[in-house]
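Below are the chains, spelled out letter by letter.
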Amino acid sequence: MMKKSFLYLVLAVMVLSAMFMLGGRSIHANQNDNVTYTLPYLTSATDKSIYCVISNRTQDNASVHFTINANSALSLNSQLQNFNTLSNYAVVYAHQTRMLSFEGLTINLDGMAMGSVSVAVAANQSYGGRISLVQMGILGGSGTSNSWSCMDLPMACFQGTTNPKRNLTGYLCSDPYSPQTPIQHFTY
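Just so it is clear, the structure is predicted and the values come from calculations on it, not from any experiment.

On to the overall build of the protein. Within the protein one finds two helices and 14 strands. Expressed as a percentage of the 188 residues in the protein, the buried residues total 40%. Of the contacts formed within the protein by residues at least 6 apart in sequence, a portion of 75% connects residues at least 24 apart. Accessible area for the protein stands at about 10,500 Å²; split by element, carbon and sulfur atoms hold 60% of it.

Here is the structure:
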């Protein structure tokens, strides 16, 4: 009886070890990979704040950049279109989830001001922009080197000051091109 239960225990450990080794594939990005979310409609109206939850399911840290593309009042010159609200702490670390919010003219990451769009957008004005999640450097480990995809850094956005908030739709995710994985676009 003792031999039989020991044999079952050894078999269970072997099966679990095999499942762990085969199923535990790490995803590492290629240097400077990125995933970009295009949000065609944002607003600086304080009652229409937008909250985006970003999850990093990779083994690498991702810096968060926001670039203004357009506004509703005037055409933007190239300097304003390249205005980037990057700050030093704007990072979604490996296996972390953070909230990026657009509240009035301020962009916050987990409630801390990351930047302002006031250089190109006035109060109560609509505008569009891009959120880029850029790979910061491979952190080690022996994972397979893959290009990031939208599924590796998913984002969900909500709008309004009510509870529950409304789902935001109409934004686009695009991930990098590689010969193994052609560029993909996802619309939410």
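Right, picking up where we left off after that structure.
Turning to the nonpolar core, a few remarks are in order. A general tendency of soluble globular proteins is for nonpolar side chains to be buried together. Within the largest apolar cluster, 32 residues are counted, with the highest numbers of intra-cluster contacts made by Tyr-37, Leu-39, Phe-66, Leu-100, Phe-102, Ile-131 and Met-155. Among the secondary structure elements, those contributing two or more residues to this core are strand S2 (34-43), strand S3 (50-55), strand S4 (62-71), strand S6 (97-103), strand S7 (106-109), strand S9 (126-135) and strand S11 (155-159). Those residues in contact with Leu-100 that lie beyond four places of it in its chain are Ile-50, Tyr-51, Cys-52, Ile-54, Val-64, Ile-107, Asn-108, Leu-109, Met-114 and Ile-131.

Per the stated rule, a full pass over the model turns up two disulfides. Between the sulfur of Cys-52 and that of Cys-157 lies a disulfide, 2.1 Å long from S to S. Across the disulfide from Cys-52 to Cys-157, rotation about the S-S bond amounts to roughly 110°, and the bridge is consequently right-handed. Here Cys-157 lies in strand S11 and Cys-52 lies in strand S3, a separation of 105 residues in the sequence. Cys-157 sits in the buried class, given a relative accessible area of 2%. Two residues, Cys-150 and Cys-173, share a disulfide whose sulfurs are 2.1 Å apart.

For S3, the buried fraction is high: five of the six residues fall into the buried class. Pairing geometry for S3 and S6, over six bridges, is antiparallel. Pairing of Cys-52 across the sheet is with Leu-100, part of S6. Of the strand pairs in this sheet, S3 and S11 are connected by five bridges, and their pairing is antiparallel. Note on S11: the bridge partner recorded for Val-53 is Ala-156.

Position of Thr-58 relative to the elements: it lies in the loop between S3 and S4. When its relative accessible area of 0% is taken as the criterion, Thr-58 is described as buried. Here the side chain of Thr-58 touches Asn-56 through a polar contact of 2.7 Å, side chain to side chain.

Alignment of S2 against S9, held across eight bridges, turns out to be antiparallel. Following the sheet pairing, Leu-39 is matched in S9 by Gly-129. Sheet topology places S2 next to strand S13 (residues 172-174); three bridges connect them, and they run antiparallel. Counted as the bridge partner of Tyr-37 is Cys-173 from S13.

Looking now at the confidence of the model for the protein. A low pLDDT score tells you not to read the predicted coordinates there in detail. The predicted model of the protein averages 76 in pLDDT, with 62% of residues at 70 or higher. Note that residues 5-31 has pLDDT below 50 and, in this model, 35 contacts with residues that lie over four places away or in other chains. Segment residues 140-145: pLDDT under 50, and 12 contacts once partners within four positions in sequence are set aside and those in other chains are kept.

Here six strands make up an open sheet; going across it, the order is S8-S7-S6-S3-S11-S12 and the pairing antiparallel. Only two strands of the sheet have a single neighbouring strand rather than two, namely strand S8 (112-116) and strand S12 (166-167). In this sheet, S12 lies alongside S11 in antiparallel orientation, the contact comprising two bridges. Bridge pairing in S12 places Gln-159 opposite Arg-166.

Conventions used here
Residues numbered from 1 in each chain as written. Predicted model: local features only at pLDDT ≥ 70, side-chain atom pairs only at ≥ 80, totals over all residues. Heavy atoms only, no water. Helix = DSSP H or I, 4+ residues; strand = E, 2+ residues; numbered from the N terminus. Buried < 20%, exposed > 50% of the residue type's maximum accessible area, 1.4 Å probe, protein only. Contact = heavy atoms within 4.5 Å. Areas by Shrake-Rupley, 256 points an atom, 1.4 Å probe, with all protein chains shown as cover. Core = buried A, V, L, I, M, F, W, Y, C linked by side-chain atoms within 4.5 Å. Disulfide = S-S within 2.5 Å. Pairing = 2+ DSSP bridges. Polar contact = N/O pair within 3.5 Å; in protein donor to acceptor, adjacent residues only side chain to side chain. pLDDT = per-residue confidence, 0-100.

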